[in-house]
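Geometric and topological summary
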Amino acid sequence: MSRDPLGHRAVLTSPRPAGRRSRTSWLRLDLGLFIGAAGLSLIGVVLVWSATRETHGAGLALKQLLAVAIGMACALGLTRLDMRIVRALAPVVYVLAVIGLVAVLSPLGSTVNGSRSWIRLPGGFTLQPSELMKVALAIGLAMLLAGRADRGLRQRHRDIALAWVVAGIPIVLVLAQPDLGSALVLVAMAVVIIAAAGAPWPWTVAVVTVGVGVTVAAFTTSLLSTYQSNRLRAFLDPSLDPQGIGYQTRQVRLAIGSGGLSGQGLFAGRQTQGGYIPFQETDFIFSVAGEELGFVGALGLVLLIGFIVVRAAVVARRADTFGRLVALGVAAWLGVQAFENIGMNLGLTPVTGLPLPFVSYGGSSMIASWIAVGLVGTVGSASVRGGPRLR
C-alpha cells in the first residue's frame with residue numbers, strides 16, 4: 001500500500017508477467033474487429049469467384065485469397081509493435097507513400113480506365129500507391145498533431161496549416177492521376193483527423209468551401225479526364241450513355257433489383273454470370289451480392305462494414321491522442337470509401353472507381369484495409385495494456 005503525491009491511498013497493480021505477455025501477444029488484435037474483417041474478406045473472395053469464374057476460372061479468387069492472407073499477416077504483425085514505434089515510423093511511411101504517388105505519374109505508372117494509378121510488378125501483380133497513402137496519412141497527421149494535444153495545448157493556426165500541407169500534397173498527386181474517388185477519401189480523412197485534433201472552426205469552414213469549389217470545377221472544367229467526366233455526366237443523366245457508362249450503371253441497378261429479398265442464388269445471377277456488367281469484381285462487386293444473395297446478403301455486408309467503422313470509433317474513445325486520431329482516420333477512410341462504392345452501385349453517387357473495402361478484388365486495397373485493422377487493433381491493445389496504473 002502506498003500514497004500518491006496528494007496523500008491518497010493507492011494500490012499499484014502489477015503488470016502481467018513477461019511470459020504471459022509473450023503467450024498472448026498474438027491475441028492483442030481486437031477479436032471482434034478481426035472476425036468482422038475476416039468475414040467480409042472471405043465473402044469478398046466468394047463474390048469475386050462468382051463474378052469471374054466464367055472468364056478467369058478460380059484464378060482471380062485465388063489471387064484475392066493470397067492478398068487476404070498477406071493482409072492478415074500484416075495486421076497481426078502490427079499488433080506486435082508498440083504504438084510509440086508506429087508513431088516514430090510515421091514520417092518514413094508518409095515519405096515512401098508520397099514517392100509511390102510520384103512514381104505513378106512517371107513512366108513507371110500504368111493507365112487503366114483513364115487513371116494513371118498503378119505500378120506494374122513482376123508476376124502480373126500491380127501496386128496502387130493511393131491505397132497505401134491512406135495508411136500513411138492516418139498515422140502521419142496523427143503524429144503531427146498529437147504532440148500539442150498531449151501537452152494540453154491548443155492547436156495553433158500554423159500547426160493546422162502545416163497539417164493541411166501534409167494532407168494536400170498526396171491529395172494533389174492523386175487528383176493528378178486523376179483519381180477523384182481516392183482524393184475524396186483522403187480529404188475526408190484529413191478533415192476528421194484535423195478537426196478531432198482541435199482545429200479552429202474557421203479552418204473546417206474554409207476546407208468545406210474549397211471542397212465544394214473543387215467539386216463544381218470537376219463538373220464544369222477539364223480538371224478530370226474525359227472518361228471520368230463522362231462518368232459524372234452519366235450519373236446526372238444516364239440516358240446520355242457516353243462510352244456505354246450509362247448502360248453499365250443501368251445494368252448494375254437491374255442486377256441489384258432482380259435479387260429481391262433472398263437473391264437468385266450464388267453463381268446463379270443472370271447479370272453476373274452473363275457478364276453484362278464490366279468491372280463487376282472491382283467497382284461493382286456489391287451488385288453481385290445484391291443479385292445473388294439478395295437484400296439479406298447485401299444488408300449483411302453493410303452491417304459488417306458498419307460494425308468495423310463503429311468499432312474503430314469506439315476504440316478511439318478510450319485511446320491516447322495519437323491512437324484516437326489514427327482510429328478516427330481509419331473510421332473515416334473505411335466509412336467514406338464504403339459509402340462511395342455502395343452509393344455508386346445504387347445510383348446515389350457518381351461512379352468513381354473506388355473498391356469496396358475487404359470485398360472488391362485488388363491486392364493493394366485488401367492489404368491496406370487489413371493494415372488499417374491492425375492499426376486499430378494496436379491502438380485498442382495499447383489503451384488496455386498501459387503498464388502499471390493506479391486504481
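Calculation notes
Residues numbered from 1 in each chain as written. Predicted model: local features only at pLDDT ≥ 70, side-chain atom pairs only at ≥ 80, totals over all residues. Heavy atoms only, no water. Salt bridge = Lys/Arg side-chain N within 4 Å of Asp/Glu carboxyl O. Helix = DSSP H or I, 4+ residues; strand = E, 2+ residues; numbered from the N terminus. Buried < 20%, exposed > 50% of the residue type's maximum accessible area, 1.4 Å probe, protein only. pLDDT = per-residue confidence, 0-100. Contact = heavy atoms within 4.5 Å. Axes fitted to C-alpha atoms, helices over the stretch in contact; angles between N-to-C directions. Left-handed = near helix turned anticlockwise from the far one by under 90°. Nonpolar A, V, L, I, M, F, W, Y, C, P; charged D, E, K, R; others polar. Pairing = 2+ DSSP bridges. Polar contact = N/O pair within 3.5 Å; in protein donor to acceptor, adjacent residues only side chain to side chain. Phe/Tyr/Trp six-rings, centres within 6.5 Å; stacked < 30°, edge-to-face > 60°.

**A look at the pattern of salt bridges**
- Counted under the stated rule, the structure contains four salt bridges.
- In this structure, Asp82 engages Arg84 in a salt bridge whose closest nitrogen and oxygen atoms are separated by 3.0 Å.
- The residue Glu131 makes a salt bridge to Lys134 at a minimum N-O spacing of 2.9 Å. With Glu131 and Lys134 both in helix α5 (residues 129–150) and three residues apart, the pair spans about one turn of that helix.
- Classification of Glu131 by relative accessible area gives buried; the value is 0%.
- Residue classification places Lys134 among the buried residues on the basis of a relative accessible area of 0%.
- Through salt bridges with shared partners, a single network forms among Arg148, Arg156 and Asp159.

**Details of the confidence of the model for the protein chain**
- Residue-level pLDDT values for the protein chain average 83, and 82% of them are 70 or greater.
- Taken as a whole, residues 4–27 scores under 50 in pLDDT and shows 28 contacts with residues more than four places along the chain or in a different chain.
- Below pLDDT 50 for its whole length, residues 387–391 participates in 12 contacts with residues either more than four positions away or in separate chains.

**Let's talk about the packing of α5 against helix α13 (residues 321–346)**
- Two numbers describe how α5 lies on α13: the axes approach to 8 Å, and their chain directions differ by 145°. As α5 runs across α13, the sense of the crossing is right-handed. Contacts between α5 and α13 involve Glu131, Lys134, Val135, Ala138, Ile139, Ala142, Met143, Leu145, Ala146, Ala149 and Asp150 from the first element and Thr321, Phe322, Leu325, Val326, Trp333 and Gln337 from the second.
- The residue inventory of the contact of α5 with α13, partitioned by class, reads 12 nonpolar, two polar and three charged.

**Some thoughts on the environment of Met133**
- Here Met133 lies in helix α5.
- Sequence separation between Met133 and Gly100 is 33 residues; the distance between their C-alpha atoms is 8.6 Å.
- Not counting residues within four places of it along the chain, the set of residues in contact with Met133 comprises Tyr94, Ala97, Val98, Leu101, Pro170 and Leu186.

**What about the sheet that holds strand β5 (residues 126–127)?**
- Spatially, β3-β4-β5 is the arrangement adopted by the three strands of the open sheet, whose pairing is antiparallel. Strands at the two margins of the open sheet, each flanked by one partner only, are β3 (109–112) and β5.
- Relative to β5, strand β4 (residues 115–120) runs antiparallel, the two being bridged by two bridges. Its bridge partner lying in β5, Ile119 is registered against Leu127.
- Packing against the sheet, helix α4 (residues 83–104) makes contact with β3 and β4, and its axis sits at approximately 110° to β4.

**As for the side chain of Thr352**
- You can see Thr352 is positioned in the loop between α13 and α14 (363–385).
- Note on Thr352: relative accessible area 11%, which makes it buried.
- A polar atom in the side chain of Thr352 sits 3.4 Å from the side chain of Glu340.

**A look at the packing of aromatic side chains**
- As enumerated under the stated definition, the model contains three aromatic pairs in all.
- Judged by centre distance (5.4 Å) and plane angle (65°), the rings of Phe34 and Trp370 are edge-to-face. A residue pair is termed long-range when its members are at least 10 positions apart, and Phe34 in helix α2 (residues 31–56) and Trp370 in helix α14 qualify at 336 residues.
- With relative accessibility at 0%, the residue Trp370 sits in the buried group.

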